[in-house]
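What the coordinates show
Listed here are the chains, written in short residue letters.
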Amino acid sequence: MFKHTDLAGITPHVLRHSFASIGNDLGFTEATIAAPVGHSRGTVTSRYIDTVDTALIMAADSIAGATFKACWTASRSPTHLMR
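Residues numbered from 1 in each chain as written. Predicted model: local features only at pLDDT ≥ 70, side-chain atom pairs only at ≥ 80, totals over all residues. Heavy atoms only, no water.

**Concerning the overall build of the protein chain**
To keep things clear, this is the line we draw: Helix and strand assignments follow DSSP, with helices taken as H or I runs no shorter than four residues and strands as E runs no shorter than two, numbered in order from the N terminus. Note on exposure labels: buried denotes an accessible area under 20% of the residue type's maximum, exposed denotes more than 50%, and partly exposed covers the range between, all computed with a 1.4 Å probe on protein chains only. The contact rule is simple, with two residues in contact once any of their heavy atoms fall within 4.5 Å. Per-residue and other accessible areas follow the Shrake-Rupley method at a 1.4 Å probe size, with only the shown protein chains counted as cover for residues.
Secondary structure assignment for the protein chain yields four helices and zero strands. A burial count over the protein chain gives 16% of its 83 residues as buried. Look at the contacts in the protein chain between residues 6 or more apart in sequence, and 33% of them connect residues 24 or more apart. Of the accessible surface of the protein chain, which amounts to about 6,700 Å², a share of 65% is contributed by carbon and sulfur atoms.

Structural data, given as structure tokens:
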């Protein structure tokens with residue numbers, strides 16, 4: 001399907017897995033996600049879903065943003081990082 005594209009390594013299984021995981025991240029129930037991926041029961045779908053710790057991602061984003069800001073400020077004023 002994607003043989004001559006940048007997506008050559010993507011299989012239908014990977015697409016279904018990604019679809020289910022993203023649907024879960026968006027807050028849809030397993031039963032709701034099951035139908036579009038072709039599962040008759042949500043229990044099968046649960047094996048496809050990778051849950052992500054939203055708080056962990058938010059913390060990492062906040063820390064990365066603060067680090068970038070500190071580095072940007074330091075590059076404009078080197079004394080900023082000397083505490």
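**Observations regarding helix α1 (residues 12–25)**
Here is the rule: By this rule the span expected of a helix is its residue count minus one, scaled by 1.5 Å. Arc definition: directions from the helix axis to the C-beta atoms.
For α1, built from 14 residues, the straight-helix expectation of 20 Å at 1.5 Å per residue is met to within 8% by its first-to-last C-alpha distance of 20 Å. Every buried residue of α1 is accounted for by Ala20, Ser21 and Gly23. One side of α1 holds all its buried residues, which, seen down the axis, span an arc of 160 degrees. Positive backbone phi, approximately 95 degrees, marks Gly27, located one or two places after α1.

**A short note on the packing of α1 against helix α2 (residues 30–37)**
Put simply, the rule is: Note on definitions: angles span 0 to 180 degrees between N-to-C directions of axes, and those axes are lines fitted to C-alpha atoms, for helices only across the stretch in contact. Here the angle decides the label: under 35 degrees means roughly parallel, over 145 means roughly antiparallel, 65 to 115 means roughly perpendicular, and every other value means oblique. Helix crossings get a hand from a simple test, with the near helix turned counterclockwise from the far one by less than a right angle marking a left-handed crossing and a clockwise turn marking a right-handed one. Think of it as three bins: nonpolar holds Ala, Val, Leu, Ile, Met, Phe, Trp, Tyr, Cys and Pro, charged holds Asp, Glu, Lys and Arg, and polar takes everything else, Gly as well.
As a packed pair, α1 and α2 sit with axes 10 Å apart at the nearest point and diverge in direction by 155 degrees. Between α1 and α2, the angle is such that the two are roughly antiparallel. In terms of crossing hand, the pair formed by α1 and α2 is right-handed. Every residue of α2 that contacts α1 at Arg16, Phe19, Ala20, Gly23 and Asn24 is listed here: Ile33, Pro36 and Val37. Its residues placed into classes, the contact of α1 with α2 shows five nonpolar, two polar and one charged.

**Details of a nonpolar patch on the surface**
Applicable threshold: Patches in this entry comprise residues that are over 30% relatively accessible and not in a salt bridge; like charges within 9 Å are linked, as are nonpolar side chains (Val, Leu, Ile, Met, Phe, Trp, Tyr) within 5 Å. Any Lys or Arg side-chain nitrogen located within 4 Å of an Asp or Glu carboxyl oxygen qualifies as a salt bridge.
Together, Leu7, Ile10, Val14 and Leu15 give the surface a local cluster of nonpolar side chains, amounting to about 290 Å² of exposed area. Position of Ile10 relative to the elements: it lies in the segment before α1.

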